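Report on the structure
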Amino acid sequence: MALLEMKNIVKDFAGCRALDDVSLSVEKGETVAIIGPSGSGKSTLLRCINALTRISRGSIALNGEVFVDSENGQVQNRSGQPEAVYPSEKELKRICCETGMVFQHFNLFPHMNCLKNITYAPVKVKGVNPADAEARGLELLKLVGLPDKRNEFPGRLSGGQKQRVAIARALAMEPEIMLFDEPTSALDPEITGEVLNVMKTLSARNTTMVVVTHEMGFAREVADRVVFMNKGKIVEEGTPEEIFEHPKSERLQEFLSSMLQVKK
């Protein structure tokens, strides 16, 4: 059984179809990289996993538990099509706690030091003992290479350091799956490697990850599977070798060629 199962996902924004009948499954311990041009639906698909974006139709199951589904057809939209039905906010929050999200722009609490940023949610949301949360927080700061930054505030950190703290904060909730939304896009090229190295370590530890990225080197080297999206659809998916060495679709070939030109 896949850890994450998304079936026939449709997402409409004010008459614009951002996701068009997209299905994606992720196995436990797998690292999946999602690539594609801007506006292809990559981030929208990622945000549907933890309900930051609500789908219009389709179904999503996490760890075998279906938390949104339109298949029963009990609720219909204005066009008479079945509409996705979500559980109560309390139930949805419980399920989505199984996901950890790392954003482009860190989203750290500026008035909290690094350790407090990491321990706040486990204590407040999951009821973890503060001492246990602090011990785990210190372990995670060591994991991301920042053991000496426990008392620093985000304003005194570099972009790469902020993103590594954000990764530690997401891991502190002990999620079943980690979601990364272009985690290096806001970073200077010189410090991008700091964050990618942490993600490589997580992948080597069999952390389940879905990564929206423009870092083709990371996708090629670290991902178990690469998904290429264009215009709200999954055009092609396969191993890094299949995607990068033997692309089948003309659109993927064009995309890889354009990325190569940008790199030059």
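Residues numbered from 1 in each chain as written. Predicted model: local features only at pLDDT ≥ 70, side-chain atom pairs only at ≥ 80, totals over all residues. Heavy atoms only, no water.

The name given to the protein in an unreviewed UniProt entry is Amino acid ABC transporter ATP-binding protein, with the source organism recorded as Mogibacterium kristiansenii. Word for word, the UniProt comment on the protein under Subcellular location (unreviewed entry) is "Cell membrane". Recorded in UniProt for the protein, the comment headed Sequence similarities (unreviewed entry) runs: "Belongs to the ABC transporter superfamily." (UniProt positions renumbered as here; feature names shortened; annotations may be inferred.)

Time to look at the domain arrangement of the protein. Along its sequence, the protein is organised into domain 1 (2-98 + 175-262) and domain 2 (109-174). Inter-centroid distance (C-alpha atoms) of domain 1 to domain 2 is 26 Å. Each side of the interface is counted separately: domain 1 has 15 residues, and domain 2 has 14 residues. A per-residue breakdown of the area domain 1 buries against domain 2 is headed by C97, P175 and V198, which together make up 35% of the total. Across the domain 1-domain 2 interface, the total number found is two residue pairs in polar contact (both at pLDDT 80 or more). Breaking the side of domain 1 that touches domain 2 down by element, the ones donating at least two residues are β7 (177-181) and α6 (189-204). Of all the elements, α6 adds the most residues to the side of domain 1 that touches domain 2, at seven residues. Along the lines of polarity and charge, the residues of the side of domain 1 that touches domain 2 split into eleven nonpolar, one polar and three charged. (Domains from an automatic or database assignment. Contact = heavy atoms within 4.5 Å. Buried area = accessible area lost by both parts, 1.4 Å probe. Polar contact = N/O pair within 3.5 Å; in protein donor to acceptor, adjacent residues only side chain to side chain. Helix = DSSP H or I, 4+ residues; strand = E, 2+ residues; numbered from the N terminus. Nonpolar A, V, L, I, M, F, W, Y, C, P; charged D, E, K, R; others polar.)

It is worth spelling out the nonpolar core at this point. Counting 32 residues, the largest nonpolar core has M6 and I60 as the members making the most contacts within it. The contact partners of I60, leaving out residues within four places of it in the chain, are L4, E5, M6, I9, C48, I55, E65, V66, F67 and V68. Among the nonpolar cores identified, the runner-up in size contains 31 residues, and L141, V165, A172 and M199 belong to it. (Core = buried A, V, L, I, M, F, W, Y, C linked by side-chain atoms within 4.5 Å. Buried < 20%, exposed > 50% of the residue type's maximum accessible area, 1.4 Å probe, protein only.)

If you walk across this open sheet you meet the six strands as β6-β7-β8-β3-β9-β10, and the pairing is mixed. Every interior strand has two partners, whereas the edge strands, β6 (99-102) and β10 (233-238), have only one. Put simply, the sheet's adjacent strands are angled 20° from each other on average, direction ignored. Direction of pairing for strand β3 (residues 31-35) relative to strand β8 (residues 209-212): parallel, over a ladder of four bridges. (Pairing = 2+ DSSP bridges. Axes fitted to C-alpha atoms, helices over the stretch in contact; angles between N-to-C directions.)

Looking now at the side chain of N50. Take N50: it is sitting in the loop between α1 (42-49) and β4 (57-62). On the basis of relative accessible area, N50 is assigned to the buried category, the value being 10%.

As a further point, take the sheet that holds strand β5 (residues 65-69). Strand order in the open sheet formed by four strands is β2-β1-β4-β5, and the pairing between neighbours is antiparallel. One side of each edge strand has no neighbouring strand; the edge strands of this open sheet are β2 (16-26) and β5. Each strand of the sheet is rotated relative to its neighbour by a mean of 20°, with strand direction disregarded. Pairing geometry for strand β1 (residues 4-13) and β2, over eight bridges, is antiparallel. What sits directly across from D12, in β2, is R17.

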